[in-house]
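Residue-level listing of the chains:
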Amino acid sequence: MKQYDVIIVGGGAAGFFAAINIAEQNPELKVVILEKAKEGLQKVKISGGGRCNVTHAEFIPQELIKNYPRGEKELLGPFHQFMTGDTIEWFEKRGVPLKIEDDGRMFPESNSSQTIIDCFLNEAKKHQVEILYSQNVSDIQPLDEGFEIHTKDEMFQCETLLIATGSSVKFWKLLENLGHTISQPVPSLFTFNINDKRIKDIPGVVASHVEVSVLGTNLYSEGPLLITHWGMSAPSILKLSAFGAVELAKLDYKFQIEINFIRQSFEDCLEELKVLKQDLAKKTVFKSTQFDLPKRLWHQMVLASNMNEETRWADLNKQQLEALAGQLTKAVFNVDGKSTFKDEFVTAGGVDLKEINFKTFESRIHKNLFFAGEVLNIDAVTGGFNFQNAWTGAYIASKAIAK
Ligand SMILES: Cc1cc2nc3c(=O)[nH]c(=O)nc-3n(C[C@H](O)[C@H](O)[C@H](O)COP(=O)(O)OP(=O)(O)OC[C@H]3O[C@@H](n4cnc5c(N)ncnc54)[C@H](O)[C@@H]3O)c2cc1C
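No experiment lies behind these values; they were computed from the predicted model shown. (Residues numbered from 1 in each chain as written. Predicted model: local features only at pLDDT ≥ 70, side-chain atom pairs only at ≥ 80, totals over all residues. Heavy atoms only, no water.)

A. The environment of I65, seen in detail. With respect to the helices and strands, I65 occurs in the loop between helix 3 (61-64) and helix 4 (72-81). Here I65 falls in the buried class, since its relative accessible area comes to 9%. Taking the C-alpha atoms as reference points, I65 and N389, 324 residues apart in sequence, are found 10.0 Å from one another. Contacts of I65, omitting those with residues within four sequence positions, involve E72, L75, L76 and F79. (Helix = DSSP H or I, 4+ residues; strand = E, 2+ residues; numbered from the N terminus. Buried < 20%, exposed > 50% of the residue type's maximum accessible area, 1.4 Å probe, protein only. Contact = heavy atoms within 4.5 Å.)

B. Quick peek at the packing of aromatic side chains. Overall, the coordinates contain 23 aromatic pairs when judged by the stated rule. Taking 6.4 Å as the distance between ring centres and 35° as the angle between the ring planes, the aromatic pair formed by Y4 and F156 counts as tilted. Linking Y4 in strand 1 (residues 2-9) with F156 in strand 9 (residues 155-163), this pair joins segments that are 152 residues apart in sequence. Just as Y4 is buried, F156 falls in that class too. Summarising the aromatic geometry, the rings of F17 and F120 are spaced 6.2 Å apart at their centres and angled 65° between planes, so their arrangement reads as edge-to-face. With F17 in helix 1 (residues 13-25) and F120 in helix 6 (residues 113-126), the pair connects residues that are 103 residues apart, well separated along the chain. Considered together, F17 and F120 belong to a single accessibility category, that of buried residues. Three or more aromatic residues joined by ring pairs form one cluster here, namely F16, F17, F82, W90, F91, F120, F387, W391 and Y395. (Phe/Tyr/Trp six-rings, centres within 6.5 Å; stacked < 30°, edge-to-face > 60°.)

Given below as structure tokens:
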């Protein structure tokens, strides 16, 4: 039986960040990380396409929380304690400067997630955090004071336990046995599969700002839209997938979306098309792209409106004008399934947030049991927000534990 002051289960982003901060703030505590894999930080390694999108350049807590479909309300207080600016400072102080990209995402200047991993491993060593790999925690028993933790071959005891196991269905079952409630896990941050003639031949086309809604629901988002080989992606779609994670799972990922490619009403668009009919009378509709749309997308919208490549503006009848206005402002597409967004994907679901004290990230059910990261029912849209949740929870828990 091995005895520790603090045991951290899970050597991922939240687990390492917590362990280092606990050991740094209170060097007297004997801290260990139990990690089931042969090495830790595997998600950090592949994150952000191998560059690790560490956080996001959003420095107002009230704005930052809007990126969390689950956890928005609960993270406001924690972000006042530790948020993006603190993350930047934390890494910078430890020799890892971060840089901001045009869309606000922040990466290590090295452009390599290995820099973050090296930083964590060095800091853990410096502060004498023990790391035990190949330790798959299979049981936790609360004691009168502290916890007993079982892996296949070993037993551990500690006063304080921090769970940072990420989206592990097996571990959520174990936490249910401890009396915690788990919100059903469903995927978040995915792209939409759409088999439609209008987009079949134009992968790679980007509409810079569209409005998308899911018919029959209140789900709505706006932003860039990317046509892919299998459907649609980019922030407008990824935001819907995150905010609609639970609702879209219930629909078995079969639903209809309506896209307004030009963010104008049908009526305003129709009026503009009528003016163009006069002004461009002799030109072909196909060749006179309008509304700042990508040329190839305009072509598809025109062909889908009962016209061919030769149709001239002057020849458009009422029905064709209305069809084109409809394609531009309320084009309906059938979504049939989802695909993984490779840069970043997360699972919605986890420990019910009502069971957590967000001043400390301690369980309201068991004293001295803490949680951080994706094990909680918190997740975000893409852009570095998921790691920020891990850093914030881990830091606040570390402060409470180090005391
Ligand atoms: C491909 C990909 C790219 C991503 N890119 C980004 C990005 O650029 N920016 C961003 O903000 N987010 C990104 N994310 C999301 C981000 O990686 C997660 O939100 C984050 O890793 C969560 O941290 P965590 O510590 O809670 O969980 P994890 O990092 O998943 O760590 C959990 C750890 O617990 C261990 N564990 C599980 N069960 C047990 C057990 N029974 N016993 C012992 N150990 C156990 C696991 O092996 C793992 O090491 C990405 C996700 C993916 C999949």
